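# Understanding the architecture of this molecule
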Amino acid sequence: MDGETTISGYSKYDPEAKRRRKVNPLEEVYPPLPAKKYDVIYADPPWDYGGKMQYDRSSMKSQNVGFEKNVFISAADFKYPTLKLSELKRLDVASIAAEDCILFMWTTGPQLANSIELGEAWGFEYKTVAFVWDKQVHNPGRYTLSQTEFVLAFRRGRFPAPRGARNVRQLVSVRRGEHSEKPAEVINGITEMFPQQEKIELFARKSFPGWDNWGLEIPGSRMEILSRGEIGT
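So, a few notes on the structure that sits alongside this text.

Analysis parameters
- Residues numbered from 1 in each chain as written.
- Predicted model: local features only at pLDDT ≥ 70, side-chain atom pairs only at ≥ 80, totals over all residues.
- Heavy atoms only, no water.
- Buried < 20%, exposed > 50% of the residue type's maximum accessible area, 1.4 Å probe, protein only.
- Helix = DSSP H or I, 4+ residues; strand = E, 2+ residues; numbered from the N terminus.
- Arc of directions from axis to C-beta.
- Pairing = 2+ DSSP bridges.
- Axes fitted to C-alpha atoms, helices over the stretch in contact; angles between N-to-C directions.
- Contact = heavy atoms within 4.5 Å.

### Considerations on helix H4 (residues 112-121)
Restricting attention to buried positions, one finds in H4 the residues Ser115, Leu118 and Gly119. One side of H4 carries all its buried residues, which in axial view fall inside an arc of 100°. Gly123, located one to two residues past H4, shows a positive phi value of around 100°.

### A look at the sheet that holds strand E8 (residues 199-202)
With respect to topology, 7 strands assemble into an open sheet ordered E7-E5-E6-E4-E1-E8-E9, the strand pairing being mixed. Of all strands in the sheet, those with a lone pairing partner are strand E7 (171-173) and strand E9 (212-214), marking the two edges. Mean inter-strand twist for the sheet, computed between neighbouring axes without regard to direction, equals 20°. Note that strand E4 (residues 97-107) and strand E6 (residues 146-156) share 7 bridges and pair antiparallel. Residue Met105 lies in a different strand from E6, and its bridge partner there is Leu152. Helix H5 (residues 184-193) contacts strand E1 (38-43), E4, strand E5 (125-139), E6, E7 and E8 of the sheet and is inclined by roughly 170° relative to E1.

### Considering the environment of Thr128
For Thr128, the location among the structural elements is in strand E5. Placed 24 residues apart in sequence, Thr128 and Phe104 show a C-alpha to C-alpha distance of 9.9 Å. When neighbours within four sequence positions are excluded, Thr128 is seen to be in contact with Val151, Leu152 and Ala153.

### Some points on H5
Where burial is concerned, most of H5 is hidden: 8 out of the 10 residues are buried. Residues of H5 that are buried: Val186, Ile187, Asn188, Gly189, Ile190, Thr191, Glu192 and Met193. Residues of H5 that are buried in the fold lie against E1, E4, E5, E6, E7 and E8.

### Some thoughts on the pairing of E4
Burial runs high along E4: 9 of the 11 residues are buried. Strand direction decides the pairing type here: E1 and E4, joined by 5 bridges, are parallel. Bridging across to E4, Val40 finds its partner in Ile102.

Below, the structure is given as structure tokens:
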């Protein structure tokens, strides 16, 4: 009616979303890639979801009468700057890949097609799903409740030799931690598979022994890698 403003979940959370969203960084914000060739590349791209947000029942009038309580919202770009596929493609990963190189790339269900396109743009051929992460906690999903993320394996040239462990499991069942935090069991498994190769983590947020890293949020201290047997540092 005239003079009245309709209150909805969207009208409550949209201003907050705009306040909290981090602006996509310009290319010059990221450091240059190393002038070095790697046999193993491990990447967790900051996928852009077009502002898609997660919310709970607090956004429903029937559950939050008059929206007296704050409406819960969460989105990837509240936590860190995200990049669109076109921007990710411009990253010259091929320049740091050895002739025989494996690329392990984190992805989610909505980004599967983009992930394969990105791997090919970086100069690799898609091979398989290397890891499936059961987060033991689900998020709302349009089709089914979302509970898993994936690490895809791509290859350039031949399989890097020598090969280490051959019994690393595909399924990793670890309860989800902080937003976008990935289980260390995955990088531990890759380290066991390729203990002697030159390795780098892209878009890294932690620092692991035996790995170079690149990104915006790398701490100075290194994590300790322990898995089925202690891995040499």
